[in-house]
Amino acid sequence: MILVGLTGGIGSGKTTVSTMLAARGAVIIDADQITRELQAPGTPVLAQIVSAFGVDVVDENGALVRPALAAKVFGDPEALAKLNKIVHPAVGREMAARLEAQRETDNVVVLDIPLLVENPREGLSGTLVVDLPVELAVDRLVAHRGMDRGDAEARIARQASREARVAIADRVIDNSGDVKSLERQVDEAWEWMRQLPPAAADAGRVART
Ligand code: ATP
């Protein structure tokens, strides 16, 4: 297995890049997607969230109302810690299980982790960072996701800086251009990834700091 860490700030284009890499044959393990799956209606994680934060964090169909949950933990470190204690171990276990299933293969596996700088992984074959100016990420989040500008800026400010992210990169994808330019860079990144050394035996574990 070749194991590549993929990261970037909010709205940088991680999901767009990982979709392009999947089309070229990569196996994607996406932390955000797993988090959503584990919080789907009827899951044990969602049941724990409801018992900790109240029934008003789900709608009449039993689906999580993310803004309602976000409002409960916003600016409240204790509440956020409580939520993380419910969600993080479950996501960690699921990511580890998906990684284990790939370990003996020849696949190129991409770990899509928004907070890779904050939570480094051991033994990666390489790290790919999607980079663009903060203002452009904010513009895209406002234009395509209907996100509030102030909210997008505040979220970005809470994450690692652009410089800190680029500092851990073995390769940077510049997503300040159009989708065509992104496709070209993903083609090159895919060629680069395929010639990386196989990952170490224990690769992908959360690094001890
Ligand atoms: P998040 O951190 O919120 O999960 P992300 O890093 O996964 O975001 P994407 O969802 O891939 O980012 O991209 C953010 C938005 O910008 C999406 O609406 C996407 O379609 C758009 N986008 C990505 N790359 C480009 C580009 N080169 N040109 C125009 N729009 C783009």
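Residues numbered from 1 in each chain as written. Predicted model: local features only at pLDDT ≥ 70, side-chain atom pairs only at ≥ 80, totals over all residues. Heavy atoms only, no water.

Chemist: How would you sum up the domain arrangement of the chain? Please name residues and give values.
Modeler: Once the domains are mapped, the chain shows domain 1 (1-26 + 107-209) and domain 2 (32-103). When each unit is reduced to the centre of its C-alpha atoms, the spacing between domain 1 and domain 2 is 23 Å. Together domain 1 and domain 2 conceal approximately 810 Å² of surface at their shared face, both sides included; 57% is due to carbon and sulfur atoms. It is Met1, Leu111 and Pro114 that lose the most area in domain 1 upon contact with domain 2, and together they represent 39% of the buried surface on that side. Between domain 1 and domain 2 we count 0 salt bridges in total. (Domains from an automatic or database assignment. Buried area = accessible area lost by both parts, 1.4 Å probe. Salt bridge = Lys/Arg side-chain N within 4 Å of Asp/Glu carboxyl O.)

Chemist: Describe the pairing of strand S3 (residues 108-112), listing the residues and the values that go with them.
Modeler: With respect to burial, S3 is a largely interior element, 5 of its 5 residues being buried. Here S3 shows two buried faces, one formed by Val108, Val110 and Asp112 and the other by Val109 and Leu111. With 5 bridges connecting them, strand S1 (residues 2-8) and S3 associate as parallel partners. Paired with Leu6 across the bridge in S3 is Asp112. (Buried < 20%, exposed > 50% of the residue type's maximum accessible area, 1.4 Å probe, protein only. Helix = DSSP H or I, 4+ residues; strand = E, 2+ residues; numbered from the N terminus. Pairing = 2+ DSSP bridges.)

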